[in-house]
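This is what each chain is made of:
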Amino acid sequence: MLIVDDFPAFRAGARSLLEENPGIEVVGEAEDSASATQLAKALHPDVVLMDVYISPVDGVTATRQIKALL
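Quantities reported herein were computed from a predicted structural model and do not represent experimental measurements. (Residues numbered from 1 in each chain as written. Predicted model: local features only at pLDDT ≥ 70, side-chain atom pairs only at ≥ 80, totals over all residues. Heavy atoms only, no water.)

With that out of the way, let us pick up the nonpolar core. The biggest cluster of nonpolar side chains holds nine residues, and these are L2, V4, A30, A36, A40, M50, I54, A62 and I66. When contributions to this core are tallied by element, the ones reaching two or more residues are β1 (2-4), α2 (33-43) and α3 (59-69). Setting aside its immediate chain neighbours within four residues, A36 contacts L2, V4, A30, M50 and I66. Judged by nonpolar contacts, the second largest core, of five residues, contains M1, I3, L18 and V26. (Core = buried A, V, L, I, M, F, W, Y, C linked by side-chain atoms within 4.5 Å. Buried < 20%, exposed > 50% of the residue type's maximum accessible area, 1.4 Å probe, protein only. Helix = DSSP H or I, 4+ residues; strand = E, 2+ residues; numbered from the N terminus. Contact = heavy atoms within 4.5 Å.)

Structure below.
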């Protein structure tokens, strides 16, 4: 799973909660949509937890871009 949010505290909390489940591995975190796209391209996560209100492009657009890449 790749976690994308501009608030470090949210990313840390989400990672902590998600990693309590042995079936979930968080492979990366990104603070903006541009780095999320690059990380997704490099890491090939099965799931992306994306903040909708993120920049430089919104989370919906970034998710579409990531889906097209993968």
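Along the chain, T37 turns up in helix α2. Residue classification places T37 among the buried residues on the basis of a relative accessible area of 13%. Polar side-chain contacts of T37 include one of 2.9 Å to the backbone oxygen of S33. Residues within four places of T37 in sequence aside, it is in contact with Q65, I66 and L69. (Polar contact = N/O pair within 3.5 Å; in protein donor to acceptor, adjacent residues only side chain to side chain.)

For helix α1 (residues 8-18), every residue scored as buried is listed here: R11, A14 and L18. Buried residues of α1, viewed axially, fall in a sector of 70 degrees; they line one side. Across α1 from its buried face, at more than 90 degrees, point the exposed residues P8, A9 and L17. On its buried face, α1 is in contact with β1, β2 (28-30) and β3 (48-50). (Arc of directions from axis to C-beta.)

This brings us to the environment of L69. Counting through the fold element by element, L69 comes out in helix α3. Sequence-wise, L69 and Q38 are 31 residues apart; in three dimensions their C-alpha atoms are separated by 9.9 Å.

Inspection of every chain in the model, using the stated rule, returns three salt bridges. Between E19 and R15 there is a salt bridge whose closest N-O contact spans 3.0 Å. In this structure E19 comes out as partly exposed when scored by relative accessible area, which is 38%. Residue E29 pairs with R15 through a salt bridge whose shortest N-O separation is 2.5 Å. Of this pair, E29 sits in strand β2 while R15 sits in helix α1; the two residues are 14 residues apart in sequence, bridging distant segments of the chain. (Salt bridge = Lys/Arg side-chain N within 4 Å of Asp/Glu carboxyl O.)

As far as function goes, none of this settles anything; it's purely spatial.
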